[in-house]
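In case you want the letters, here they are:
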Amino acid sequence: MAVYTKLADDVVASFLTQYAIGPLTALQGISDGIENTNYLLKTVSDEFVLTLFEHHNADEVASFVRLARHLGQAGLAVPMPLDDIQGVWLHELSGKPAILCRRLPGTHTDQLTSEHCAEIGRGLAQLHLAAQDLPQRRVDERGFDWWLAIAPELKANLSPADQALLEAELQAQKDGRTLWCQLPHGWIHADLFHDNALFLISEQGTKLTAILDLYNACDGALAYDLAIVANDWCREKNGIWDKARLTSLLVSYESVRPFTTEEKMAWPLLLRGAALRFWLSRLLAQRLATQQGRTLPADKNPDEYRRKLQQQQQQQQ
């Protein structure tokens with residue numbers, strides 16, 4: 001986790017002359033980026049976040065940032081790139097695609113409550129509805145086909161018990177594929193963990209102020225997106241449900257976009273699919289980290305999602 005591309009103050013100050021936001025007054029690298037470089041900057045008018053994309057070309061950035069622009073124009077609290085004085089929002093800085101977004105208020109939280117889950121449930125449903133009229137959805141690069149392709153590569157390093165768990169779930173997902181494909185589809189966030197949301201807490205209560213990191217957004221089953229949220233926001237790391245948080249999440253989501261009959265039938269399968277997806281992706285990340293001599297961050301331990309998958313399987317037996 002680091003600022004991968006170093007930028008001097010004068011470089012950023014020159015860059016900002018393309019915008020009608022005033023001169024630069026402060027610049028600070030944001031150290032908690034994983035894939036991209038981010039800077040917090042201040043001008044005389046406001047605070048902003050400058051993002052440099054380290055692993056994507058301009059065409060790729062234009063593809064996945066257009067969702068943020070669409071949602072922002074619909075009034076949702078997402079990091080929408082700002083237009084410069086020429087109406088251009090995608091730039092190049094230090095040889096990297098770059099965008100500038102207004103800094104959204106609020107903070108992350110690790111102390112999740114039913115109020116947080118209610119807010120994110122409503123927010124996700126609003127996102128799903130607002131994105132319905134945006135065409136050309138991106139393919140989910142970590143979807144069903146990827147599960148089947150990557151599992152044999154990762155299986156060899158698992159214990160016999162975990163190999164059996166993986167095989168059983170892959171078969172269950174194959175068996176349920178027809179039902180899965182009948183579900184309402186659209187743009188999904190696909191990675192809405194609790195560190196991708198900001199909140200403000202006041203005397204009036206808890207308020208969602210931003211949904212972040214839309215860079216994995218793609219086509220998918222809408223209820224699957226909610227299952228990803230449920231597995232992270234409403235379960236402990238040992239896989240046990242916090243039923244109050246789960247109820248708040250589901251009730252609030254359905255107050256905006258009610259489940260179809262098929263979604264209700266598929267819900268247990270979707271929870272397992274969401275757990276499988278992140279178990280596999282974390283196993284892959286762990287393998288790559290080992291090959292590179294790195295240690296995977298504790299909060300990305302694949303065992304968490306193995307436990308959540310196992311718990312879900314056992315609840316359905």
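Note that this is a predicted model, so its numbers are computed, not measured.

Concerning the overall build of the chain
When helices and strands are tallied, the chain shows 10 helices and 9 strands. Over its C-alpha atoms the chain spans a radius of gyration of 20 Å, differing by no more than 12% from the 20 Å that the globule rule assigns to 317 residues. With the C-alpha coordinates aligned to their principal axes, the bounding extent of the chain is approximately 60 × 45 × 40 Å. Here the chain holds 317 residues, and the buried ones make up 50% of them. Expressed as a percentage of contacts within the chain between residues at least 6 apart in sequence, the contacts between residues at least 24 apart total 72%. Seen as two clouds, the 30 positive and the 39 negative side-chain charges of the chain have centres 4 Å apart.

Section: the packing of aromatic side chains
Using the criterion set out here, one finds 12 aromatic pairs in the structure. With 6.1 Å between their ring centres and 70° between their planes, Phe144 and Trp147 make a pair best called edge-to-face. Linking Phe144 with Trp147, this pair stays in helix α4 (residues 144-155), spanning 3 residues, or about one helical turn. Between the aromatic rings of Trp147 and Trp180, the centroid separation amounts to 5.8 Å while the plane-to-plane angle is 85°, which identifies the pairing as edge-to-face. Of this pair, Trp147 sits in helix α4 while Trp180 sits in helix α6 (residues 177-181); the two residues are 33 residues apart in sequence, bridging distant segments of the chain. Of the two residues, Trp147 and Trp180, neither departs from the other in class, the shared state being buried. Ring pairs connect the aromatic residues Phe144, Trp147, Trp180 and Tyr224, which therefore count as one cluster. Geometry around Phe278 places Arg277 over its ring, the cationic atom sitting 4.1 Å from the centre.

Examining the domain arrangement of the chain
What the domain assignment reports for the chain is domain 1 (9-102) and domain 2 (114-315). The centre of domain 1, based on its C-alpha atoms, is set 28 Å off from the matching centre of domain 2. Contact residues are listed per partner, giving 17 residues for domain 1 and 18 residues for domain 2. Here domain 1 meets domain 2 over a buried area of about 1400 Å², counting both sides, of which 70% is carbon and sulfur. Interface area lost by domain 1 to domain 2 is led by Phe64, Arg66 and Leu67, which between them contribute 39%. In this structure, the connection of domain 1 to domain 2 is made through 0 salt bridges. Between the two partners, domain 1 and domain 2, sit 5 residue pairs in polar contact (both at pLDDT 80 or more).

Things to note about the pairing of strand β2 (residues 37-43)
The two faces of a sheet get side chains in turn, since along a regular strand they alternate between them. Burial analysis of β2 places 6 of its 7 residues in the buried class, the great majority of the element. Here strand β1 (residues 24-30) pairs with β2 via 6 bridges, running antiparallel. The residue bridging Leu27 from the neighbouring strand is Leu41, located in β2. Note: β2 against strand β3 (residues 47-52), 6 bridges, orientation antiparallel. Bridge assignment links Asn38 to a residue of β3, and that residue is Thr51.

Things to note about helix α8 (residues 243-256)
Helix length check: α8 (14 residues) gives 20 Å between terminal C-alpha atoms against 20 Å at 1.5 Å per residue, within 8%. Looking at the packing, one finds that the buried side of α8 touches α3 (114-130) and α7 (222-233). Between the side-chain oxygen at the start of α8 and the backbone nitrogen of Ala244 there is a gap of 3.2 Å, and the oxygen is on Asp242.

Reading guide: rules and limits
Residues numbered from 1 in each chain as written. Predicted model: local features only at pLDDT ≥ 70, side-chain atom pairs only at ≥ 80, totals over all residues. Heavy atoms only, no water. Helix = DSSP H or I, 4+ residues; strand = E, 2+ residues; numbered from the N terminus. Rg over C-alpha atoms; globule rule 2.2 N^0.38 Å. Buried < 20%, exposed > 50% of the residue type's maximum accessible area, 1.4 Å probe, protein only. Contact = heavy atoms within 4.5 Å. Lys, Arg positive; Asp, Glu negative; His and termini not counted. Charge placed at Lys NZ, Arg CZ, Asp CG, Glu CD. Phe/Tyr/Trp six-rings, centres within 6.5 Å; stacked < 30°, edge-to-face > 60°. Lys NZ or Arg CZ within 6 Å of the ring centre and 35° of its normal. Domains from an automatic or database assignment. Buried area = accessible area lost by both parts, 1.4 Å probe. Salt bridge = Lys/Arg side-chain N within 4 Å of Asp/Glu carboxyl O. Polar contact = N/O pair within 3.5 Å; in protein donor to acceptor, adjacent residues only side chain to side chain. Pairing = 2+ DSSP bridges. Expected span 1.5 Å × (residues − 1).

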